Amino acid sequence: MSFVALNNPILVAAGGIGGCAILPVLDNMVRHGSISWAALKTANVLSYAINVIAVSRPGRIDGQAQQDSVKSGSKGGGEMESLSPGRNGRTLVAPSGWAFAIWGPIFLGELVFVVSQVFIPETAPIAPLIKKVTAPFVMAQYFQTLWTAAFRPKYSGNLMFISTGMLGATAYSLSKAHAHIVATPKSYSPLQYILYFLPIALHFGWTSAATLVNLNGAISMKELSSSAKLVRWVGHVSVLTAAALGIYISVNRSAPVYGGVIMWALSAVADGMKQRVKNTEKEDPERVGVFGALMQKQLSSLGALTCGAASLFASISLYVLKSRN
């Protein structure tokens, strides 16, 4: 049986539900020392490698759009065109393409993490924190692997919400890892943070935003049931939710990177809506994807500014905290 045949919505959804049940079990096993240090390091490497392989597999909605664009010379196509900030886009949470460049630092940074942690002895001062991070990190890679299976044309209609759920589970798992990291900021040096934990913070922030992008895409692509008012309402609420998360987590956890990533994402949405407004000036203002686009641009710009301010505040707070004896 091929992997393509195994890509069944029921199996993928069940795998996601099962993963949510397994995460606290793994966390508990790590906390009680039931898993060896060597096994934890191996799990980090293998889960990352499997996710990279899954991401590289062709056929996803975003990858198919790029292939269609090359073949036809057009900008986007099919489902992805509905998710783009372009003229024919239907969702109001459509970041400009430059936003997705953040995947480069995330994957490269996590590669550095999984390779470098292999050489850390269990007696190293940083080892206990890496142990705590491992279970949610591994499960985040697992959930993102399931997302790559679900973000495909065969998952149409309500089935697209499966990919939304997998991204949400990825962000949730990374939130657990991130909570461990920020709880003990004095336990690692700036260099150790960059090597081991910065990519996890980037990944957490971006998948938080990407979950909302995926959710809005799933709703907007239901052409028979998604009205312009519904798409506008969900889009506005999503931007406000992203901004609220960026502010709250940045300030509450003294986590400037998270706020910075949400600022990046909202800036990209604002830029995408700027393109949408410009390219649809002569179109029906009540059409799905056009209705509310200008307000979405303004809300996204404001959200980006507030998240940037929260990130700056968190940076200052973190500096003061680390400066204390």
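Counting of residues starts from 1 at the beginning of each chain's written sequence and follows it residue by residue. Given that the model is predicted, a residue must reach a pLDDT of at least 70 before its local features are reported, and side-chain atom pairs must reach 80 or more before they are shown or counted; all residues, however, enter totals for whole chains, interfaces and linings. Think of the side-chain values as coming from all heavy atoms in the structure, minus any hydrogens and water.

1. Thoughts on the overall build of the protein
Each helix is a run of DSSP H or I of at least 4 residues and each strand a run of E of at least 2, with the numbering of both proceeding from the N terminus. Scanning the protein from terminus to terminus reveals 12 helices and zero strands. Two things to know: the radius of gyration comes from C-alpha atoms, and the globule rule equals 2.2 Å times the number of residues to the power 0.38. Computed over C-alpha atoms, the radius of gyration of the protein comes to 20 Å, within 12% of the 20 Å expected from 2.2 N^0.38 for 325 residues, which places it in the range of a compact globule. Think of it in three bands: with a 1.4 Å probe and only protein chains considered, a residue is buried below 20% of the maximum accessible area for its type, exposed above 50%, and partly exposed in between. For the protein, buried positions account for 47% of its 325 residues. Two residues qualify as a contact provided that any one of their heavy atoms is within 4.5 Å of a heavy atom in the partner residue. Counting only contacts in the protein whose residues sit at least 6 apart along the sequence, the fraction spanning at least 24 positions is 81%. Working definition of accessibility: Shrake-Rupley area with a 1.4 Å probe, residue cover restricted to the visible protein chains. With an accessible surface of roughly 15,400 Å², the protein has 68% of that area assigned to carbon and sulfur atoms. Computed over 26 positive and 13 negative side-chain charges, the separation of the two mean positions in the protein equals 8 Å. As used throughout, the charge tally considers Lys and Arg to be positive and Asp and Glu to be negative, leaving His and the chain termini uncounted. For this purpose, a charge sits on NZ of Lys, CZ of Arg, CG of Asp or CD of Glu.

2. Brief notes about the side chain of threonine 164
Along the chain, the position of threonine 164 falls in helix α8 (residues 160–183). Side-chain polar atoms of threonine 164 contact the side chain of asparagine 214, separated by 3.1 Å. Those residues in contact with threonine 164 that sit more than four places away from it in its chain are Thr211, Asn214, Leu215 and Ala218. Pairs of N or O atoms within 3.5 Å make up the polar contacts considered here, provided that, within protein, one atom can donate a hydrogen while the other can accept it, and that residues adjacent in sequence are counted only when both atoms are side-chain atoms.

3. Things to note about unusual backbone geometry
Negative phi values dominate among residues other than glycine, just as trans dominates among peptide bonds. Unlike most non-glycine residues, serine 254 shows phi in positive territory, near 50°. Among the secondary structure elements, serine 254 is positioned in the loop between α10 (228–252) and α11 (256–279).

4. Let's talk about the packing of aromatic side chains
Stacked, tilted and edge-to-face are the three classes assigned to paired rings of Phe, Tyr and Trp, where Trp is represented by its six-membered ring and a pair needs centres within 6.5 Å; plane angles under 30 degrees give stacked, over 60 edge-to-face, the rest tilted. Counted under the stated rule, the structure contains 11 aromatic pairs. Ring geometry for phenylalanine 113 against phenylalanine 137: centres 5.2 Å apart, planes inclined by 80°, an arrangement best described as edge-to-face. Residue phenylalanine 113 is located in helix α6 (residues 103–116), and its partner phenylalanine 137 is located in helix α7 (residues 127–150); the two are separated by 24 residues in the primary sequence. The burial state of phenylalanine 113 is the same as that of phenylalanine 137; both residues are buried. Ring plane angle 70° and centroid distance 6.4 Å describe the contact between phenylalanine 113 and tyrosine 196, whose orientation is recorded as edge-to-face. One end of the pair, phenylalanine 113, is in helix α6; the other, tyrosine 196, is in helix α9 (residues 190–220), and 83 residues separate them in sequence. Using a relative accessible area of 1% as the deciding quantity, one classes phenylalanine 113 as buried. Members of the aromatic cluster, each reached through a chain of ring pairs, are Phe113, Phe137, Tyr188, Tyr193, Tyr196 and Phe197.

5. Observations regarding the side chain of glutamine 296
Relative to the helices and strands, glutamine 296 is located in helix α12 (residues 293–323). For glutamine 296, the residues in contact, after removing those within four places along its chain, are Leu92, Val93, Gly235, His236, Val239, Val269 and Met273.

6. A word on the pattern of salt bridges
Any carboxyl oxygen of Asp or Glu that lies within 4 Å of a side-chain nitrogen of Lys or Arg is treated as forming a salt bridge with it. Overall, the coordinates contain four salt bridges when judged by the stated rule. For aspartate 62, the salt bridge is made with arginine 60, and the minimal N-O distance between the two is 3.0 Å. Ionic pairing is found between glutamate 122 and lysine 131, a salt bridge with its closest N-O pair at 2.7 Å. Its relative accessible area of 44% is what places glutamate 122 among the partly exposed residues. Among the ionic contacts, a cluster of salt bridges with common partners joins Arg87, Glu283 and Arg287.

7. Looking at a nonpolar patch on the surface
For patch detection, residues must exceed 30% relative accessible area and be free of salt bridges, and they are connected within 9 Å for like charges or within 5 Å for nonpolar side chains (Val, Leu, Ile, Met, Phe, Trp, Tyr). A cluster of nonpolar side chains, namely Val45, Leu108, Leu111, Val112, Val115, Val118 and Phe119, defines an oily patch on the protein surface of about 590 Å² accessible area. Ranked by the residues each element gives to the nonpolar patch, the list is headed by α6, at four residues. For phenylalanine 119, the location among the structural elements is in the loop between α6 and α7. Residue phenylalanine 119 is classed as exposed on the basis of its relative accessible area, which comes to 67%.

8. What to know about the environment of arginine 90
For arginine 90, the location among the structural elements is in the loop between α5 (78–83) and α6. A relative accessible area of 14% places arginine 90 in the buried class. Of the polar contacts made by the side chain of arginine 90, one reaches the backbone oxygen of serine 220; its length is 2.6 Å.

9. A word on the environment of glycine 33
Take glycine 33: it is sitting in the loop between α2 (9–31) and α3 (37–56). We classify glycine 33 as exposed; its relative accessible area is 56%. For the pair glycine 33 and alanine 140, spaced 107 residues apart in sequence, the C-alpha separation works out to 21 Å.

10. What about the nonpolar core?
Grouped together as the largest cluster of nonpolar side chains are 65 residues, with contacts concentrated most on Ile126, Val133, Phe197, Ile200, Trp206 and Leu266. Among the elements that take part in this core, α7 stands out by supplying 13 residues, more than any other. One finds Val93, Ala228, Val269 and Met273 within the second-largest nonpolar core, a separate group that totals 10 residues. Here the nonpolar core consists of buried residues drawn from Ala, Val, Leu, Ile, Met, Phe, Trp, Tyr and Cys, with membership extended through side-chain atoms lying within 4.5 Å.

11. Considering the packing of α9 against α10
Between N-to-C directions, angles cover 0 to 180 degrees, with each direction set by a line fitted to C-alpha atoms, over the stretch in contact for helices. Between α9 and α10, the least distance of the axes is 10 Å, while the angle of their chain directions is 170°. Considering the angle they form, α9 stands roughly antiparallel to α10. Across from Phe204, Leu212, Asn216, Ile219 and Ser220 in α9, the residues of α10 making contact are Leu230, Val231, Val234, Gly235, Ser238, Ala242 and Ile249. Taken together, the residues of the contact of α9 with α10 break down into eight nonpolar, four polar and no charged. Roughly parallel means an angle under 35 degrees; roughly antiparallel means over 145; roughly perpendicular covers 65 to 115; every other angle is labelled oblique. Basically, the charged four are Asp, Glu, Lys and Arg, the nonpolar ten are Ala, Val, Leu, Ile, Met, Phe, Trp, Tyr, Cys and Pro, and anything else, Gly included, counts as polar.

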